[in-house]
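Read off the chains here:
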Amino acid sequence: MAKITKLDDIVSLCKRRGFIFQSSEIYGGLASCYDYGPLGVELKNNVKKAWWKAVVQMRDDVVGLDSSILMHPLIWKASGHADKFADLIAECKKCNTRTRVDHLKEKTNQSAEEHTEHIAINSAIAGAQDLSNKVCPNCGSVGTFTEPMPFKLMFETRMGANIDDSMTLYLRPETAQGIFANFANVLDSTRVKIPFGIAQIGKSFRNEVTTKAFIFRTREFEQAELEFFCEPGTDEKWYEHWKEARFNWYIDLGLNKQNLRFREHDTNELAHYAKSCVDIEYRFPFGSGDWQELEGVANRTDYDLRQHQRGMRTLNSWYENNGDLTKIELKEEADNYEKGPLSYFDNEKKKRYIPYVIEPSAGIDRSTLAFLVDAYDEEEVRGEKRNLLKFHPVLAPVKVAIFPLVKRDGMPDIAHNIANDLKKYFNCFYDEKGAVGRRYRRQDEAGTPFCITVDGQTLEDKTVTVRDRDSMDQIRISTDQLRNHLREKLDV
Ligand code: GAP
């Protein structure tokens, strides 16, 4: 049970220190939506920056993109989401609560598998659906469920003011489709050559049936996705490459290796577009068995580009049916589909093909939660409890806090000058209130790697103390060495 307390501790620390708040709290809150406060937005931005640095900035074979959330509805017909992106749910006849069938637990075995984000609906229907021994998570009744039914996960909205020409759109449930829709644009406007990737970070929305565990599964969330285009036949090599690269990213940013593992998907749980898929799982302090998906790496083959070629061929039919997706069928693939508008011409090999795609797809909020959970620690120091977040310096919301020991003898001015100089390079926090020990504790709890204190000796020899968050060791550094010393330690 200690681990569950740990998540509660993190939720309360997040609220107390301004990392994460419930959305619309002054109106009683909005379920499964969260707001990032002053420290939280810095942490989340740092997670995004670290992802972008590793996946785009440090590579010569990946370019970035920021596509819109609202897209042409045919995109979702072509991608398969309009018809297949649904969870299989059953309603309890006693209390009318709907639950995902794959999340229902057996009466005798309370540990249901809760691995997948979304089971491909066809395979879920095909699987055994005997609910007679399943327990309602709301009222505890056993075997009181309706027949399973699909529940669509995309949020609908309307665009346009005029009734005649307004149309139904969907909030994107993944950022990936914005990348496929821009594949030809990127090819035509840059000098990329296969193998290459297009990366983007952005909001996605899913009307999840079960939300849970704080920011782990929410209805509005941020994804960081890479679609890496490669020649068919080289896909398995790139799949292995990205599996390893993405796993190591978490370790390089400080996640404990023992809390991370791979889990290959069985064929019956693969999403409708995937040839193979592996989850990078993290041992979260909740749920059954604790191991939960952090990121998926999938081999999407040439499925999406081929589907969008079919979607492009279906446009006339979409107009004829006034944009009603339920009335149209995707056109068959053209005979020479391999030479279609979303194909790639390899100039050296003189051949044209539809590229295969390897997709590492990470959740920004979910990895932020993993970094918070992993960094959280409690210690007893001289009879007092010390809470701390041992963030990797790259992720820490505030890198350095600067304190005058007392508010006199010119110490605040010196501390302000130091803060103003260091601010140009990283986030700093100036604090002159309360006992210095309490100021240290507050920064430990915010995850600040270093605290600088200006004291009496500073007035004599221009040195300050630099205190390390984790070891609490203090060293004296000359103020003119401070900037270099910290930039080296912080890797910024
Ligand atoms: N384009 C592939 C795709 O979207 P996914 O496994 O459904 O695959 C990828 O999602 C990642 O996005 C997940 O591993 C998770 O980190 C994050 N994610 C998905 N649904 C989420 C939700 N409801 N709340 C928070 N994060 C979510």
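Remember, it's a predicted structure, so these values are computed and weren't measured experimentally.

(A) Geometry of the pattern of salt bridges. Following the criterion strictly, the structure yields 41 salt bridges and no others. A salt bridge links Arg300 to Glu174; the shortest N-O distance between them is 3.3 Å. Of this pair, Arg300 sits in strand 15 (residues 291–301) while Glu174 sits in the loop between strand 10 (167–170) and helix 6 (176–181), and the two are 126 residues apart along the sequence. The two residues Arg300 and Glu174 agree in class, both being buried. The residue Asp377 makes a salt bridge to Lys390 at a minimum N-O spacing of 3.1 Å. A residue pair is termed long-range when its members are at least 10 positions apart, and Asp377 in strand 19 (residues 376–381) and Lys390 in the loop between strand 20 (384–389) and strand 21 (400–404) qualify at 13 residues. Looking at Lys390, the relative accessible area reads 35%, which means it is partly exposed. Among the ionic contacts, a cluster of salt bridges with common partners joins Arg261, Arg263, Glu269, Asp279 and Glu281.

(B) Summary view of the domain arrangement of the protein chain. As assigned here, the protein chain comprises domain 1 (7–82 + 156–370), domain 2 (86–111 + 130–152) and domain 3 (398–490). Taking only C-alpha atoms into account, the centre of domain 1 sits 41 Å from that of domain 3. Residue-level contacts link 7 residues of domain 1 with 6 residues of domain 3. Interface area lost by domain 1 to domain 3 is led by Arg17, Leu39 and Glu42, which between them contribute 65%. At the boundary of domain 1 and domain 3, one finds 2 salt bridges.

(C) Local environment of helix 8 (residues 235–252). Taking 1.5 Å per residue as the helical rise, helix 8 with its 18 residues ought to reach 26 Å, and the 25 Å between its terminal C-alpha atoms agrees with that figure. Within the sequence span of helix 8, burial applies to Asp235, Trp238, Tyr239, Trp242, Lys243, Arg246, Phe247, Trp249 and Tyr250. Viewed end-on, helix 8 has its buried residues packed into an arc of 160 degrees, placing them on one side of the element. Away from its buried face, by an angle of more than 90 degrees, helix 8 presents the exposed residues Lys237, Glu244 and Asp252. Looking one or two residues past helix 8, Gly254 carries a phi angle of roughly 100 degrees, positive in sign.

(D) The pairing of strand 21, seen in detail. Of all the 5 residues making up strand 21, 5 are buried; the element is thus mostly covered by neighbouring parts of the structure. The sheet contact formed by strand 21 and strand 22 (residues 428–430) spans 3 bridges and is parallel. Bridging across to strand 22, Ile402 finds its partner in Tyr430. With respect to chirality, the unit in which strand 21 leads through helix 12 (residues 411–422) into the neighbouring parallel strand 22 is right-handed. In the sheet, strand 21 pairs with strand 23 (residues 450–454) via 5 bridges, with the strands oriented parallel. What sits directly across from Pro404, in strand 23, is Val454.

(E) Up close: the packing of aromatic side chains. Across all of its chains, the model carries 18 aromatic pairs by this definition. Between Tyr282 and Phe284 the ring centres are 4.9 Å apart and the planes differ by 75 degrees, which places this aromatic pair in the edge-to-face class. Residue classification places Tyr282 among the buried positions, given a relative accessible area of 1%. Three or more aromatic residues joined by ring pairs form one cluster here, namely Phe180, Phe183, Phe196 and Phe229. Taking NZ or CZ as reference, Lys243 lies 5.2 Å from the ring centre of Phe262, over its face. Above the ring of Trp249, the side-chain terminus of Arg246 is found at 4.4 Å from the ring centroid.

(F) The arrangement of the site of the ligand in detail. The immediate surroundings of the ligand are formed by 21 residues, with Glu174, Glu208, Thr218, Glu225 and Glu293 found nearest. Glu225 places a polar side-chain atom, nitrogen or oxygen, 2.5 Å from a nitrogen atom of the ligand. Taken by itself the ligand offers 550 Å² of open surface, and the protein chains cover 94% of this. Those elements that place two or more of their residues in the shell around the ligand are strand 12 (220–230), strand 15 and strand 18 (356–363). Residues of the shell around the ligand, tallied by class, amount to 5 nonpolar, 5 polar and 11 charged.

The rules behind these values
- Residues numbered from 1 in each chain as written.
- Predicted model: local features only at pLDDT ≥ 70, side-chain atom pairs only at ≥ 80, totals over all residues.
- Heavy atoms only, no water.
- Salt bridge = Lys/Arg side-chain N within 4 Å of Asp/Glu carboxyl O.
- Helix = DSSP H or I, 4+ residues; strand = E, 2+ residues; numbered from the N terminus.
- Buried < 20%, exposed > 50% of the residue type's maximum accessible area, 1.4 Å probe, protein only.
- Domains from an automatic or database assignment.
- Contact = heavy atoms within 4.5 Å.
- Buried area = accessible area lost by both parts, 1.4 Å probe.
- Expected span 1.5 Å × (residues − 1).
- Arc of directions from axis to C-beta.
- Pairing = 2+ DSSP bridges.
- Right-handed = clockwise from strand over helix to strand, strands pointing away.
- Phe/Tyr/Trp six-rings, centres within 6.5 Å; stacked < 30°, edge-to-face > 60°.
- Lys NZ or Arg CZ within 6 Å of the ring centre and 35° of its normal.
- Near = heavy atom within 4 Å.
- Polar contact = N/O pair within 3.5 Å; in protein donor to acceptor, adjacent residues only side chain to side chain.
- Areas by Shrake-Rupley, 256 points an atom, 1.4 Å probe, with all protein chains shown as cover.
- Nonpolar A, V, L, I, M, F, W, Y, C, P; charged D, E, K, R; others polar.

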